Amino acid sequence: MGNTLHFRTNTSILILLFFIINSVYAHQQQSDEQLNLMNDDTEKVTFLTSTALMEQKKNPHHQSKPLMLANKAIKLARKINDENALLQAYNTKAILFREFSTFDQAIDYHKKAIIIAEKNLEEARKIELYLDLGATYRASHNFVEAKDIFTKAQELSHTLKMWEYEGISLINIGFMYLDLDEPKSAQHFFMEAEKLSSEHQLTDLYIIATIGIGKTYIPSNTNSERKKAKKYFSAAIKSSQKRKKQFFEGISNIDLGRIYLKENKMTYAYNYFVKAVKQLKPYKEKEYLSGEYRSLDDPLNFNRYYAEAISYQNSLKYYRGEISLSQYNQAVKEELELFGNPDQEELEHLRNALSELKQHYSFLDSINQLDEEEAARLLKDYLDRQKEKLKNLEDDKSYLRHLLIETEKIATEKIVMLEQKNQLQEALISKQNWIGISLVLLVIFIGTIGGYQYKIVNDKKKVNRALSQQNEKISEQNVEIKTTADQLQNALSTLQIQNKKTNESILAGWRIQNAMLPANQQLDDIIPKHFVLYKPRDIVSGDFYWVGKEKEHTIIAAIDCTGHGIPGAFMSMLGNALLNQVINVEGAISPDKILTKLDQYIAETLHQGLNNDSREGMDIALCVISPDQQSLQYAGAKNPLVLVRDRQPMIYKGVNRHVGGNRSSKKMIGFNKHEITIEPGDMFYIYSDGYQDQFGGPDNKKFMRKHLIAEFCEIAHLSLNEQNTHLDDTFEHWKKDKKQIDDVLVMGFKIS
């Protein structure tokens, strides 16, 4: 009980200090003075660790200041010989390393903190440390270790009767199974947590568990499963409203909105997203999870949920006609800026939101532009239709001529017939001597014949006039159609000539770009164990790869330039030339310094400091292998390095910016260098985003980074050729008859 009380007292102090730090952020100088005035004691260590965490949240891409504060806390804890303070400082530094995706160092410091807790029999404190370590394993996609640690936290919590921490452990395992796409397994742990929270009246735990259960029904497309999901999210909203938990109400509204979106109930969906934006907005400036729930920061991340809510709301406003396209683009841009340059995961959620909306409105196909070949085909089809129309008009003209001939023939036959009748009557009258009657009959008969003949002649004139008018109209249309047909034929011929010249130019560009890439023999000499999967979307590519040796160091890079096709190819030529300059001429071998110089030279070459319209740049993953092949250094811009060791992935992220491009001070983040010790059997992968962003599969969705990393883990034990073939076959099977949307580049290599 003493340990529990001490643990909760520390938590209360930590929460209190969060509010103190919020109030002094605007006056950094006063904060430094306050720190100098504090005594060297445990309270000062707590202040330093809390400030470090707040600095990281304030500037998520700046490592130096938070780590400096954490190091000060460690040094002070050692000076005052307080092991509990040292434990707290170690764990804080571990959390900072996790947020900066430096997982190996994070795990080391977590374990140092746990050793101190075990030594001092701080059982209650071990639970919190276990949860933090499990969250780090989950963030690094080491799900086996994550489950093991979360299970230890759950069992220890149960033994100590710390029910809230037991429930948090169960919920962490549930969210981990959702990450693994195993909703049924996740559901079991969420329901256990819900039962526990009901028994011990744990409000926050109950709401989160209810949300988790609802999420396990989302992957299904059946009506019954969607009804269950709605039931649990509605229950979470009701509980959140009753207990004034606005953050949980907001994320429940997002999930409900997504379900209604799938059901094409757009008005319902829109209303839920609007509510969610309003409810989540206040949490931009304040904490949304209490200290005990810190390990759930990743699955319940505010930035990710708020990004989804904003994206859905603005997209629906655009598709409902409430805002223009330019207003929509500006809204998205403004909201993204609020997140302080969101990382790739947050942008991925935003892209997924837009993709889902486009599918509901059949919008995706309408944004594809026709290429020259398609345009030529459509012109030819139109020309064929005009020729058919001309043929039909000629057929109409022939029919009218035939009708006139038939009319004249009938009229002639009737005249002959009447003349024969006239002769018959004259013979009859002559025989019977009925001169008077004959004369009368003759007059009547002649009058009848005359009237009939007049009618025939008049009808014939009408037909001739109609035929003449029709012929005139046909002649005009004939001239017009022939003129149009000639113009279309000329346009088609011109387009075909231009298309041929363009293709010849592009093929010449392909030969130049292909010559720029490392030759197979060069690749084999520099790094014998490797494969390259290289699939340009067009003939020329914006992706390229680079290998070389400098001062006995082996250097490998995978580069994704802005755009694809011809614009991307121009950037790739520039990038290749600048890499040669920085490495082969200037002799740079440190990956972070190589990227810094490359960034500088691109900006100078494209005048990006002076020209706001030039935002071209490149994403890159660059590795430098030591001469003894015992260590590897990595630095990246957007593109990560994935190391598979014993079929488990270790992901080293690059900074969230391009090399070159936007020169605003907010986005001028320095490049970080990661040091990796190489072990036997290690398999390394660097790649562009073309593979993971490809649409396909049964639901026409993106392949996604998580799926690609899982493929790496599955194939890492195979030969390099087998890995290449497997990835190529998997990509083609996923894409099938869909259009390839981007250039694809995947490089894999082994050192030993």
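In what follows, the structure referred to is the one given above.
Criteria and cut-off values
- Residues numbered from 1 in each chain as written.
- Predicted model: local features only at pLDDT ≥ 70, side-chain atom pairs only at ≥ 80, totals over all residues.
- Heavy atoms only, no water.
- Helix = DSSP H or I, 4+ residues; strand = E, 2+ residues; numbered from the N terminus.
- Buried < 20%, exposed > 50% of the residue type's maximum accessible area, 1.4 Å probe, protein only.
- Contact = heavy atoms within 4.5 Å.
- Areas by Shrake-Rupley, 256 points an atom, 1.4 Å probe, with all protein chains shown as cover.
- Expected span 1.5 Å × (residues − 1).
- Pairing = 2+ DSSP bridges.
- Axes fitted to C-alpha atoms, helices over the stretch in contact; angles between N-to-C directions.
- Phe/Tyr/Trp six-rings, centres within 6.5 Å; stacked < 30°, edge-to-face > 60°.
- Lys NZ or Arg CZ within 6 Å of the ring centre and 35° of its normal.
- Parallel < 35°, antiparallel > 145°, perpendicular 65-115°, else oblique.
- Left-handed = near helix turned anticlockwise from the far one by under 90°.
- Nonpolar A, V, L, I, M, F, W, Y, C, P; charged D, E, K, R; others polar.
- Salt bridge = Lys/Arg side-chain N within 4 Å of Asp/Glu carboxyl O.

Colleague: Would you take a moment to explain the overall build of the protein chain for this structure?
Modeller: Helix and strand counts for the protein chain stand at 24 helices and 13 strands. Across the 752 residues of the protein chain, 48% fall into the buried class. Look at the contacts in the protein chain between residues 6 or more apart in sequence, and 68% of them connect residues 24 or more apart. Here the protein chain displays about 38100 Å² of accessible surface, and carbon together with sulfur accounts for 52% of that area.

Colleague: When you look at helix α14 (residues 266–280) in this model, what are you seeing that I'm missing?
Modeller: An α-helix turns once per 3.6 residues; consequently, residues spaced three or four apart project the same way. Between its terminal C-alpha atoms α14 stretches 21 Å, which fits the 21 Å expected from 15 residues at 1.5 Å a residue. Restricting attention to buried positions, one finds in α14 the residues M266, A269, Y270, Y272, F273, A276, V277, Q279 and L280.

Colleague: For this particular structure, what's the right way to read the sheet that holds strand β7 (residues 648–652)?
Modeller: Strand pairing in a sheet takes place through backbone hydrogen bonds and is either antiparallel or parallel in direction. One open sheet holds the five strands; their spatial order is β1-β13-β10-β6-β7, and the pairing between them is antiparallel. Bordering the open sheet on either side are β1 (530–535) and β7, each of which pairs with just one other strand. Mean inter-strand twist for the sheet, computed between neighbouring axes without regard to direction, equals 15°. In terms of strand pairing, strand β10 (residues 683–687) meets strand β13 (residues 744–750) through five bridges, oriented antiparallel. Within the sheet, the bridge partner assigned to Y685 lies in β13 and is G748. The sheet strands contacting helix α24 (residues 720–735) are β1, β10 and β13, and the helix crosses β1 at an angle near 20°.

Colleague: Any chance you could explain the packing of aromatic side chains here in plain terms?
Modeller: Here the distance between the centres and the angle between the planes together describe a pair of aromatic rings. Across all of its chains, the model carries 17 aromatic pairs by this definition. Residues Y217 and Y232 carry aromatic rings whose centres are separated by 6.0 Å and whose planes lie at 15° to one another, so their mutual orientation is stacked. Placement of Y217 in helix α11 (residues 203–217) and of Y232 in helix α12 (residues 223–242) is noted, with a sequence separation of 15 residues between them. Owing to a relative accessible area of 7%, Y217 belongs among the buried residues under this scheme. With centroids separated by 5.2 Å and ring planes inclined at 20°, the aromatic side chains of Y260 and Y268 adopt a geometry described as stacked. Exposure remark for Y260: the relative accessible area of 13% places this residue in the buried category. Of the aromatic side chains, those joined through ring pairs into one cluster are F531, Y685, Y687 and F712. One cation-aromatic arrangement involves K112 over Y90; the distance from NZ or CZ to the ring centre is 5.6 Å.

Colleague: Is there a simple way to think about the packing of helix α9 (residues 163–179) against α11 in this case?
Modeller: It is the contact of α9 with α11, at a shortest axis distance of 10 Å, that shows an interaxial angle of 20°. Taken together, the axes of α9 and α11 lie roughly parallel to each other. The two elements α9 and α11 meet at a crossing, and its hand is left-handed. Of α11, the residues touching α9 (which contributes W163, E164, G167, I168, I171, F175 and L178) are L205, I208, A209, K215 and T216. Broken down by class, the residue content of the contact of α9 with α11 amounts to eight nonpolar, two polar and two charged.

Colleague: Sorry, what's going on with the environment of E732 here?
Modeller: For E732, the position within the fold is in helix α24. With 36 residues separating them along the chain, E732 and G696 place their C-alpha atoms 9.3 Å apart.

Colleague: In this structure, what is going on with the pattern of salt bridges? I would like to understand it.
Modeller: Side chains that differ in sign of charge can pair as their charged atoms come close. Taken as a whole, this structure holds 25 salt bridges when the rule is applied. Of the charged contacts, one joins D132 and R294 as a salt bridge, the two residues approaching to 2.6 Å between their closest N and O atoms. Residue D132 is found in helix α7 (residues 123–139), and its partner R294 is found in the loop between α14 and α15 (302–319); the two are separated by 162 residues along the sequence. A salt bridge links K702 to D693, with the nearest nitrogen and oxygen atoms 3.9 Å apart. Take D693: its relative accessible area is 12%, and that puts it in the buried class.

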